[in-house]
Amino acid sequence: DIQLGDGSAFDFLGSVTVTSSIIFTTAYDEYAIKAFKYNSIDYLLKPIEKRALIDALNKFMALSVKNIGKKGHQLQTVRKIITNEYQKRFLIKIGEQYKNLLMEDINFFYSRAGQCYIHTGSAQHLPIDHSLDHLVDKVNPLDFFRVNRQYLIKSTSIVEIHTYFNSRLLLKLSPDNTEVIVSRDRVNDFKRWLDS
């Protein structure tokens, strides 16, 4: 933003070496030309339109393709959330039949002995031809969280949360009180995810 409580963004930008790309978001159109002196990618006027934000993020992605790394993956996630590009359904083969399963019918995904399964609201366990690593990128991270190497759960499936030894958490998931442990290295991220 440009107008800050204790001055302007340009006061700050003039006192540092700017190496990051910047997308300005402001209600003031008179600073647009000045903004482009400071690695500006775009200048979005408030209220910000969804299409303008998507275009700005796409412009950033195109400029950053050589040095994309972890931040690029995070930006890709933000873009997918804004544009709602996540999987909406899965086609599951059961014997000689196929079943179309909507995301709202899925409580969690889990892996057993190299096979991945979907657990549904009606307590069905259906095999799926994807790995959990692949599914993490297919589902909306606002709804699903990978709590350990075996489970990718939906927030609405959590019935109870208990403290567990060694700084971990024990979850009970609907509809059949499946018990799942949140691994110690994911506990803080899990708490932030639930609290967002």
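Okay, so let's go over this structure. Each chain has its residues counted from 1, running along the sequence as written. Reporting in this predicted model follows two pLDDT cut-offs: at least 70 for local features of residues, and 80 or more for side-chain atom pairs to be given and counted; totals over whole chains, interfaces and linings ignore these cut-offs and use all residues. Side-chain measures were taken over the full set of non-hydrogen atoms in the model, leaving aside hydrogen atoms and water.

Re the packing of aromatic side chains
As a reminder of what qualifies: For this analysis, a ring pair means two rings from Phe, Tyr or Trp (six-membered ring only for Trp) whose centres lie within 6.5 Å, classed as stacked if their planes differ by under 30 degrees, edge-to-face if by over 60, and tilted for the remaining angles. Three labels apply to residues, based on accessible area from a 1.4 Å probe with only protein chains included: buried if under 20% of the type maximum, exposed if over 50%, partly exposed otherwise in between. Comment: the charge-over-ring label is applied if NZ (Lys) or CZ (Arg) is within 6 Å of the ring centre and within 35 degrees of the ring normal.
Counting across every chain of the model gives 11 aromatic pairs. Arranged with centres 6.0 Å apart and planes meeting at 55°, the rings of Phe108 and Tyr110 form a pair that is tilted. Neither Phe108 nor Tyr110 differs from the other in exposure class; each is buried. A cation over a ring is seen here: Arg168 above Phe165, with NZ or CZ 4.6 Å from the ring centre.

Focus on unusual backbone geometry
Note the following rule: Helix and strand labels come from DSSP, where a helix needs a run of H or I of at least four residues and a strand needs a run of E of at least two; each type is numbered from the N terminus.
Here the residue pair Lys46 and Pro47 is connected by a cis peptide bond, since its omega of -5° sits within 30 degrees of zero. Tracing the backbone shows Pro47 in the loop between β4 (40-45) and α3 (50-63). The omega angle of the peptide bond from Ser174 to Pro175 is 5°, so this bond is cis rather than trans. Following the sequence through the fold, Pro175 ends up in the loop between β13 (168-173) and β14 (178-182). The phi torsion at Ala123 lies on the positive side, around 65°, for a residue other than glycine. Inspection of the secondary structure puts Ala123 in the loop between β8 (115-120) and β9 (125-128). One non-glycine residue with positive phi stands out, namely Asn177, at about 55°.

Observations concerning the environment of Thr120
What counts is decided by this rule: Residue contacts follow a heavy-atom distance rule, with two residues in contact if any of their heavy atoms lie within 4.5 Å.
By the secondary structure assignment, Thr120 is in strand β8. Setting aside chain neighbours within four positions, we find Thr120 in contact with Leu101, Asp105, Asn107, Leu126 and Pro175.

As for the sheet that holds strand β7 (residues 106-112)
Applicable threshold: We call two strands paired when DSSP finds no fewer than two bridges between them. As a rule, the C-alpha atoms of each element are fitted with a line to give its axis, helices using only the stretch in contact, and angles between N-to-C directions run from 0 to 180 degrees.
With respect to topology, 5 strands assemble into an open sheet ordered β9-β8-β7-β11-β10, the strand pairing being antiparallel. Unpaired on one side and paired on the other, β9 and β10 (144-146) mark the two borders of the sheet. Pairwise comparison of adjacent strand axes, ignoring direction, gives a mean angle of 25° for this sheet. In the sheet, β8 pairs with β9 via 4 bridges, with the strands oriented antiparallel. Note on β9: the bridge partner recorded for Tyr117 is Pro127. Relative to β10, helix α6 (residues 187-194) is tilted by about 175°, and along the sheet it contacts β10 and β11 (151-154).

All quantities given are derived from atomic positions and should not be read as evidence of function.
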